Amino acid sequence: SPNTDLAMWNYIAREIVYNHPEAIDWDFVKKHIVFAASPVNMGYGMRRSDEKSIKDGKYTDKEMEIISKEMKKVVSEKEAPALAPYGYKAGDMMVNKPAGLKHWEISFEEYKKFLEPYTLDYVAKISKGDPDESLESFKKKLKTLASYYIEKNRKVVSFWTMGMNQHTRGTWVNTLAYNVHFLLNKQAKPGSGAFSLTGQPSACGTAREVGTFCHRLPADMMVANPKHRAITEKRWKIPAGTLNPVGNQHIMKIHRDIEDGVVKFAWVNVCNPYQDTASASHWIKAARQMDNFIVTSDGYPGISAKVSDLILPSAMIYEKWGAYGNAERRTQHWRQQVLPVGDAMSDTWQWVELSKRFTVKDLWGEQPLRGNKKLPNVISEAKKMGYTEDTTMFDILFANDEARSYEIDPNDPIQKGYDNTNCIGDSRNVVGSDGKVFKGYGFFIDKYLFEEYASFGRGHAHDLADFDTYHRVRGLKWPVVDGKETQWRFNTKYDPYAKKYGKETGHTEFAFYGTLAKALAQGDLTGIKDKNKKALKNKAKIFARPYMDPPEMPDAEYPVWMSTGRVLEHWHSGTMTMRVPELYRAVPEALCYMHPEDAKQNGLKQGGLCWVESRRGKVKARVETR
């Protein structure tokens, strides 16, 4: 049953704490772990009642049935036992408030109290999904699952994917998986650990760690953090105060701001947000408003391209030099293998060419921000750095002396024998943005960009190897120190940073280093009681996070669960794979898998068509009951 993965993880933790306390590695827990709680009345990240498009009535009554739960909800009989330690009972009205990353330290006794409701009877009752399976059979499975973790000498790796990561308590359930591993000291060591299989290179290494989200900077730094902005401004050789400090432009915020009329321009790269984002009908409608200008860089005409005012045909993966990072921290590079199709150019080229259009005078004067704030005029500081008012962003960011030091060398074994459109142009003779045939930048801009990015993390536990090394090996897991990758982070036997930071606090086996929220106020499950923050350097956290219902559950009008799925032949929406004849012939249309009995009750047959409808829209699909 959806969301009850939280209950199942808490059941395993309860089995450990209540019925097998001897399995807890107290030496590890006392040295390396603190217990923490966070608000439960935090909502679901949906729109709130004070937002413009809500007040303007752009959402239907049906949509508002669910969105209203962002503000307040009634505690159900199903979730009431899990919320009892927080003072809630069935029928209570829970008023939700955005909580962000707020959390505080609690005692082990409070954590134990939090686990008490997750008995085998309760968890089996709410989580069993198959109506044809007996409750006793399901209980047996839960007990077996717990026993595998608890068995003293058994190594355990927990793998999970989107089913856990992308539901309305995805962050919570990730922490609950780590809880079990931490209690048993089965984390950060060979053969044991919790591992989220987020397998999209564009999500893992290309966006998160690199900083291509609007609210992030390289190496996991954030634009909202003034220290991080200062580091970045210094590295990029731009005046202090140049970078926009507004740090809340995540993808859903951008969609909502366009609908609210706050944002008028958006440029889509390496994703298809108008096809794969919840409530997409709203964002598509907003994008098509005449005063909005949407740009999409893509190699395929997906929905995002179709709603855009400008489409920039883009080189695909092996049509350019590039790199990506995977879930296990592995960074891998590739060389350009073939020329792009038609006049397509890399997204790197597109951004670099745009930078030629803007000068110091255009951008670095005083600029308005939200909330009546302003970015300062930094032109005078720019002049002190040797720039003029007519110096372009291209010269400052992409064609500076450091960048030009990365030379094109046809005899270099890394470059020899490979196309390099960005640097030397190619035989297609694509006309550049200046109206002339593009002959390349004349220096190895891709190598420069990687080395510049890598410099942010080196010496800060995010060390990457040099550009050339990645082309000689099959990927390396960061941090890469003295030429060696780190197989297991936070373990002093394998991670040089764990060894380094552990010495500072006397941690000889593990050091869960980092800087985010490493000092916490004290409290109990219901909130903070002592605002004085206690340092927890090199320690990890076990979180108390309860099962809660999803905001939308089956009812008389919408009686079934819908879960997105995958077919072997296609990737996500099929924007690319549907164009491969063999794959298209195998699965030419969307499928709706359902139990034969459900199909029968709804008057549907194998191979027939059905409408799948929610409060937000509907789609036609082919019925599959086999």
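Scroll up to find the structure.
These remarks concern the structure in this document. (Residues numbered from 1 in each chain as written. Predicted model: local features only at pLDDT ≥ 70, side-chain atom pairs only at ≥ 80, totals over all residues. Heavy atoms only, no water.)

**Observations regarding the overall build of the chain**
Rules: In this text, helices come from DSSP runs of H or I with a minimum length of four residues, and strands from runs of E with a minimum of two, each type numbered from the N-terminal end. We take the radius of gyration over the C-alpha atoms and set the globule estimate at 2.2 Å times the residue count to the 0.38 power. Classification of residues uses two cut-offs on accessible area relative to the type maximum, computed with a 1.4 Å probe and protein chains only: under 20% is buried, over 50% is exposed, and between them is partly exposed. Here, two residues are considered to be in contact whenever any of their heavy atoms come within 4.5 Å of each other. When charges are counted, neither His nor the chain ends are considered; positive counts come from Lys and Arg and negative counts from Asp and Glu. Taken as the charge centre is NZ of Lys, CZ of Arg, CG of Asp or CD of Glu, depending on the residue.
Across its full length, the chain holds 27 helices and 22 strands. Over its C-alpha atoms the chain spans a radius of gyration of 27 Å, differing by no more than 12% from the 25 Å that the globule rule assigns to 626 residues. Once the C-alpha set of the chain is aligned to its principal axes, its extents read approximately 75 × 65 × 50 Å. Here the chain holds 626 residues, and 47% of them are scored as buried. Relative to all contacts within the chain whose residues are 6 or more apart in sequence, the contacts with residues 24 or more apart total 62%. Counting 91 positive and 78 negative side-chain charges, the chain places the averaged centre of each group 3 Å from the other.

**A few points about empty space enclosed by the protein**
Cut-off, in case you're wondering: Using protein atoms alone on a 1 Å grid, points that fit a 1.4 Å probe yet trap it form a cavity, whereas open point sets bounded by protein on both sides within 12 Å along at least five of seven lines form a pocket; residues with an atom within 4 Å of a point count as lining. Grid points are joined across faces, edges and corners, and a volume is the space filled by probe spheres set on the points. Polarity classes work like this: nonpolar for Ala, Val, Leu, Ile, Met, Phe, Trp, Tyr, Cys and Pro, charged for Asp, Glu, Lys and Arg, and polar for all others, with Gly in that last group.
Taken as a whole and assessed by the stated rule, the structure comprises three cavities of 30 Å³ or more. Its boundaries defined by the atoms lining it, the largest cavity holds a volume of some 50 Å³. In terms of lining residues, the largest cavity is bounded by A315, E319, K320, W321, Q336, P340, M345, S346, N420, T421, N422 and D446. When its residues are assigned to classes, the lining of the largest cavity shows four nonpolar, five polar and three charged.

**Considering the nonpolar core**
Let me state the cut-off plainly: For the purposes of this section, nonpolar cores are sets of buried Ala, Val, Leu, Ile, Met, Phe, Trp, Tyr and Cys residues that join through side-chain atoms within 4.5 Å.
The biggest cluster of nonpolar side chains holds 60 residues, and the ones touching the most others in it are W9 and Y111. The residues contacting Y111, other than those within four sequence positions of it, are A13, V17, F35, I106, N179, L183, I542, F543 and A544.

**Remarks on the pattern of salt bridges**
Pairs can form between side chains of opposite charge once their charged atoms are near each other. In plain terms, the rule: The salt bridge criterion pairs a side-chain nitrogen of Lys or Arg with a carboxyl oxygen of Asp or Glu, the two atoms within 4 Å.
Counted by the stated rule, this structure contains 40 salt bridges. Of the charged contacts, one joins D555 and R615 as a salt bridge, the two residues approaching to 2.6 Å between their closest N and O atoms. Pair noted here: D555 is in the loop between β19 (540-544) and α26 (581-586) and R615 is in the loop between β21 (609-613) and β22 (618-624), with a separation of 60 residues, a long-range link. Under the relative-accessibility criterion, D555 is labelled partly exposed at 31%. Each of K62, E65, E552, D555, E557, R615 and R616 takes part in one network of salt bridges that share partners.

**Details of the pairing of strand β12 (residues 322-325)**
This is how it is decided: Between any two strands, at least two bridges found by DSSP are needed for them to pair.
Two strands pair when backbone bridges link them, and β12 and strand β13 (residues 330-334) are joined in this way by four bridges, in the antiparallel orientation. Paired with G325 across the strands is T331, a residue of β13. The antiparallel hairpin formed by β12 and β13 contains four residues in its connecting segment, where R329 sits at a positive phi of about 75 degrees.

**Side note on the sheet that holds β21**
For the record, the criterion: In this analysis an axis means a line fitted to C-alpha atoms, helices contributing only their contacting stretch, and an angle means the value between N-to-C directions, from 0 to 180 degrees.
Strand order in the open sheet formed by three strands is β20-β22-β21, with mixed pairing between adjacent strands. Single-partner strands in this sheet number two, and they are β20 (591-593) and β21. Taken pair by pair, the neighbouring strands of this sheet meet at an average axis angle of 55 degrees, ignoring direction. Where β20 meets β22, three bridges bridge the pair, whose relative direction is parallel. By the bridge assignment, C592 is partnered in β22 with V623.

**A few points about helix α1 (residues 5-19)**
Stated precisely, the cut-off is as follows: The span expected for a helix works out to 1.5 Å for each residue beyond the first.
Here α1 spans 20 Å end to end across 15 residues, near enough to the 21 Å set by a 1.5 Å rise per residue. With 12 of 15 residues buried, α1 lies mostly within the body of the structure. Among the residues making up α1, those that are buried are D5, L6, A7, W9, N10, Y11, I12, A13, R14, E15, I16 and V17.

**Observations concerning unusual backbone geometry**
In the segment running from W478 into P479, the intervening peptide bond is cis, with an omega of 0 degrees. Secondary-structure assignment places P479 in the loop between β16 (476-477) and α25 (496-505). Despite not being glycine, A188 shows a phi value in the positive range, around 60 degrees. Along the polypeptide, A188 turns up in the loop between α10 (170-184) and β6 (193-196).

**As for the environment of L115**
By the element assignment, L115 lies in helix α6 (residues 108-115). Taking the relative accessible area as the measure of exposure, L115 reaches 0% and is therefore buried. Separated by 97 residues in the primary sequence, L115 and Y18 place their C-alpha atoms 8.8 Å from one another. Contacts of L115, omitting those with residues within four sequence positions, involve N10, A13, R14, V17 and Y18.

**Digging into a negative patch on the surface**
Test applied: A patch consists of residues whose relative accessible area exceeds 30% and which take part in no salt bridge; residues with like charges are grouped when within 9 Å of each other, and nonpolar side chains (Val, Leu, Ile, Met, Phe, Trp, Tyr) when within 5 Å. In these tables, accessible area is a Shrake-Rupley quantity obtained with a 1.4 Å probe, and a residue counts as shielded only by the protein chains included in the view.
Together, D130, D132, E597 and D598 make up a negatively charged patch on the protein surface. Note on E597: relative accessible area 43%, which makes it partly exposed.

**Regarding the packing of α1 against α6**
Test applied: Orientation categories follow fixed angle ranges, with anything under 35 degrees roughly parallel, anything over 145 roughly antiparallel, 65 to 115 roughly perpendicular, and all other angles oblique. Put simply, a crossing is left-handed when the front helix is turned counterclockwise from the back one by less than a right angle, and right-handed when it is turned clockwise.
At a minimum axis separation of 9 Å, α1 and α6 run at an interaxial angle of 125 degrees. In terms of orientation, α1 lies oblique with respect to α6. Crossing of α1 over α6 shows left-handed handedness. Contacts between α1 and α6 pair N10, A13, R14, V17 and Y18 from the former with F108, Y111, K112, K113, F114 and L115 from the latter.

**Some details on the environment of N225**
Stated precisely, the cut-off is as follows: By the criterion applied in these results, polar contacts are pairs of N or O atoms within 3.5 Å in which, for protein atoms, one can donate a hydrogen and the other can accept it, and in which residues neighboring in sequence qualify only through two side-chain atoms.
Assignment of secondary structure puts N225 in the loop between β8 (221-222) and α12 (226-236). When the C-alpha atoms of N225 and K620 are compared, they prove to be 46 Å apart, with 395 residues separating the residues in sequence. Side-chain polar atoms of N225 contact the backbone nitrogen of K227, separated by 2.9 Å.

**Considering the packing of aromatic side chains**
Formally: By convention, a stacked pair of Phe, Tyr or Trp rings (six-membered ring in the case of Trp) has centres within 6.5 Å and planes under 30 degrees apart, an edge-to-face pair has planes over 60 apart, and any other such pair is tilted. Look at NZ for Lys and CZ for Arg. If either is within 6 Å of the ring centre and within 35 degrees of the ring normal, a charge sits over the ring.
Here the structure, examined in full by the defined rule, presents 39 aromatic pairs. Measuring from centroid to centroid gives 5.7 Å for W9 and Y149, while their planes differ by 70 degrees, and the two rings are edge-to-face. Remark: Y149 occurs in helix α8 (residues 135-150) and W9 occurs in helix α1; sequence separation between them is 140 residues. Of the two residues examined, W9 and Y149, each falls in the buried class. Each ring, one from F114 and one from Y118, has its centre 5.8 Å from the other, and the planes form 55 degrees; the classification is tilted. On the basis of relative accessible area, F114 is assigned to the buried category, the value being 0%. Here Y118 falls in the buried class, since its relative accessible area comes to 0%. Taken together through their ring pairs, the aromatic side chains of F28, W160, Y178, F182, F490, Y497, Y501, F510, F512 and Y513 make up a single cluster. We note K356 situated over the ring of F394; from NZ or CZ to the ring centre the distance is 5.0 Å. Lying across the ring of W611, K618 places its NZ or CZ 4.6 Å from the centre.

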